[in-house]
Amino acid sequence: MPTILAAPPEGSGLKAVRGARGIPLIGHTVQTMRDPFGTARKRYERFGPVTWGWLLGLRTVTVQGPEAAEAVLVNRDKAFANGPAWKYFIGPFFHRGIMLLDFDEHLHHRRIMQQAFTGPRLRAYLETMGPGITRGIEAWRPGADFKVYDHMKQLTLDLAADVFMGVELDRAEADRVNGAFIDAVRAGTAYVRFPVPGLRWHKGLRARKVLEAFFHRHLPAKRRDGGDDLFAALCQAETDDGHRFTDDDVVNHMIFALMAAHDTSTITMTTMAYHLARHPEWQERVRAESVALGKAVPTFEDLGALVSLDLVMREALRLVPPVPALPRRVVKDTSILGFHIPKGTTVVVPLLTNHRMPEVWADPERFDPGRFADDRREDKVHKYAWEPFGGGAHKCIGLHFAGLQIKSVLHQVLLRYRWSVPEGYEWRLDTTSLPSPRDGLPVLLESIDADRDTP
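Not measured: the values here are computed from a predicted model.

> Please give an account of the overall build of the protein that cites residues and values.
When you go through the protein residue by residue, the secondary structure sums to 16 helices and 14 strands. Taken against the 2.2 N^0.38 rule, which gives 23 Å for 455 residues, the C-alpha radius of gyration of the protein at 22 Å falls within 12% of a compact globule. C-alpha atoms of the protein, sized along the principal axes, occupy 75 × 55 × 45 Å. Long-range contacts, defined as pairs at least 24 residues apart, comprise 72% of the intrachain contacts of the protein with a sequence gap of at least 6. Within the structure as shown, the protein displays about 19,500 Å² of accessible surface, and the carbon and sulfur contribution to it stands at 53%. Of the charged side chains in the protein, 59 are positive and 56 negative, and the gap between their average positions amounts to 6 Å.

> Hey, could you go over empty space enclosed by the protein for me, with residue numbers and the actual values?
Enumeration according to the criterion identifies 2 cavities of 30 Å³ or more in this entry. Quantified by volume, the second largest cavity comes out at close to 60 Å³. Looking at the second largest cavity, the residues that line it are Trp140, Phe146, Val148, Met152, Ala273, Leu410, Val413, Trp419, Val443 and Leu445. At the level of elements, α7 (148–165), α15 (399–416) and β14 (442–447) are the ones that each hand at least two residues to the lining of the second largest cavity. Its residues assigned to classes, the lining of the second largest cavity shows 10 nonpolar, no polar and no charged.

> Now, about the environment of Met165: what can you tell me, with residues and values included?
For Met165, the position within the fold is in helix α7. For the pair Met165 and Met254, spaced 89 residues apart in sequence, the C-alpha to C-alpha distance is 8.4 Å. Contacts of Met165, omitting those with residues within four sequence positions, involve Ala160, Phe214, Phe215, Lys222, Asp229, Phe231, Met254 and Leu258.

> Which residues make up helix α5 (residues 103–113), and what values do they have?
Buried within α5 are the following residues: His106, His109, Arg110, Ile112 and Met113. Looking straight down α5, one finds that the buried residues subtend no more than 160° of arc, so they occupy a single side. Buried-residue contacts for α5 involve α10 (230–236) and α11 (247–278).

> Outline the layout of surface pockets, listing residues and values.
Considering only enclosed or pocket space, the largest pocket measures out at about 560 Å³ in volume. Arg314, Trp386, Phe389, Lys395 and Leu399 are the residues nearest the centre of the largest pocket, which is lined by 25 residues in total. For the lining of the largest pocket, the elements supplying multiple residues, two or more each, are α13 (307–319) and α15. A per-element tally of the lining of the largest pocket places α15 first, with 7 residues. Class assignment of the residues belonging to the lining of the largest pocket gives a composition of 11 nonpolar, 5 polar and 9 charged.

> So what's going on with the nonpolar core? Residues and values would help.
Ranked by internal contacts, the top residues of the largest apolar core, which has 133 residues, are Phe164 and Trp419. Here this core takes 16 residues from α11, the largest share from any one element. When near neighbours in sequence (up to four residues on either side) are disregarded, Phe164 contacts Leu159, Asp229, Leu230, Phe231, Met254, Ala257, Leu258, Ala261 and Phe401.

> Residue-level account of the pairing of strand β3 (residues 50–55), with values.
Within β3, 6 of the 6 residues are buried, leaving the element largely enclosed by the surrounding structure. Residue alternation in β3 divides its side chains into two sets, Val50, Trp52 and Trp54 and Thr51, Gly53 and Leu55, and both sets are buried. In the sheet, strand β2 (residues 18–20) pairs with β3 via 2 bridges, with the strands oriented parallel. Paired with Gly19 across the strands is Trp52, a residue of β3. Alignment of β3 against strand β4 (residues 58–63), held across 6 bridges, turns out to be antiparallel. Residue pairing across strands places Gly53 opposite Thr60, the latter belonging to β4.

> So what's going on with the pairing of strand β10 (residues 346–349)? Which residues, and what values?
Covered by surrounding structure in β10 are Thr346 and Val348 together with Val347 and Val349, the residues of both alternating faces. In the sheet, β4 pairs with β10 via 3 bridges, with the strands oriented parallel. Each residue of the ladder has a partner; that of Val61, found in β10, is Val347. As paired strands, strand β7 (residues 326–330) and β10 are joined by 4 bridges and run antiparallel to one another. When the bridges of β10 are listed, Arg328 appears paired with Val347.

How each quantity is defined
- Within each chain, residue numbers correspond to sequence positions counted from 1 in written order.
- Totals for whole chains, interfaces and linings use every residue, but because this is a predicted model, local features are given only for residues with pLDDT of at least 70 and side-chain atom pairs only at 80 or more, for both listing and counting.
- For the side-chain quantities, the full set of heavy atoms in the structure was used; hydrogens and water were omitted.
- Numbering of helices and strands runs from the N terminus, with a helix taken as a DSSP run of H or I at least four residues long and a strand as a DSSP run of E at least two residues long.
- Between the two quantities, the radius of gyration covers C-alpha atoms and the globule rule is 2.2 Å times the number of residues to the power 0.38.
- Two residues form a contact once any of their heavy atoms are found within 4.5 Å.
- Surface exposure here means Shrake-Rupley accessible area, sampled with a 1.4 Å probe, where a residue is shielded only by the protein chains that are shown.
- Residues scored as positive are Lys and Arg, those scored as negative are Asp and Glu, and His as well as the terminal groups of each chain are ignored.
- Charged groups are reduced to one reference atom each: NZ for lysine, CZ for arginine, CG for aspartic acid, CD for glutamic acid.
- Cavities and pockets are found on a 1 Å grid laid over the protein atoms alone: a cavity is a set of points where a 1.4 Å probe fits but cannot escape, a pocket is an open set with protein on both sides within 12 Å along at least five of seven lines, and a lining residue has an atom within 4 Å of such a point.
- Grid points are joined across faces, edges and corners, and a volume is the space filled by probe spheres set on the points.
- Note that Gly is not counted as nonpolar here; it falls among the polar residues with everything else outside the nonpolar set of Ala, Val, Leu, Ile, Met, Phe, Trp, Tyr, Cys and Pro and the charged set of Asp, Glu, Lys and Arg.
- Buried means the residue's accessible area, taken with a 1.4 Å probe over protein chains only, is under 20% of the maximum for its type, while exposed means over 50%, and partly exposed covers the values in between.
- Arc, as used here, means the arc of the directions from the helix axis to the C-beta atoms.
- Throughout this description, the term nonpolar core refers to a set of buried Ala, Val, Leu, Ile, Met, Phe, Trp, Tyr and Cys residues connected via side-chain atoms within 4.5 Å.
- At least two bridges found by DSSP between two strands is the condition for calling them paired.

See below:
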């Protein structure tokens, strides 16, 4: 039965947001997690671009389409806050990460953090990554049932140890840190949101303690010795007027940044690998560009020549944005597209489903990297049609690093291996947390004759 969220103020000219309550408190949580695309489409066709329901125990307004996304993400009247919204989902596990801060405090922290993502810093990170990528993919064992997601996840963690943390980890400690990040991320979408031993929420709280202890243990050496890694950069970062991060600030930002880089890059590279396996013509096209580059390990400037790989990355980010939804908490009465949104409401911009709206994208379910080519640029239909990195003041600060890492890894993989999936294979995404393949994406991985196919 359709109901309204709240009656708009008399004489405001605003419309009431319509929706369906669903099961008390649970609402449509189960349907949304199991079938986000079908559920979103039905809501849009029934109620339009702004609709309400219950999600994970919250009264939530979902906004679909680029116009609604722009209204929320640009946040011109400062009615939408990140911190209170994200805190509900991941606050206990990623306390005071950059994405959980708002307004002046967020701007203050972002100005300091930007010192860790300057051009010289990005070049240094890339130089550090090259040998680590080579070591990581040389250890892969070709054959059937090669799980792409698992191997990419291990590789990104190892790279994070080099580039972000700058510390030597033995396999046991690396696995412990990796496990802690997995538990912290998965806890955000727990159905039971209090610490019952053995369940997601409890595991997430325990994981946070592991990560805090790890970074606090290594922080004094980073303060003292510096380095070319992100950890050292955050310890040394300073604004022109002398502001620096406290020890707790550094630890909070490291835990959040490592999660963001670790999981999001893994998801994007796995999505690229999946579609390149299903579309061998594109795999050969991007491989030809990598071979033509003439370098096994690309430099910062070289990556601009990998035009087709960039198109594939953009299409992968459209089809499976690693952060599938962006929540905000309404801190004062406001409106979206003429609909009244009362204070206290949680608003969600669903990137995962917005990126597949047929009103915006031609044949949106089809893998078509050419839609981002200069002669088409479907994403230019609206500046918020494609927003895998968010937008406005909270646009991902590490987006350029992410592009460098993803293209550097895929370049080396393309030179060394071919991979394929059986005809008719289609992966099933697990969307109960960050999107990932339920089966790990098993492929047939084959080595390429280095003398014949690589420089």
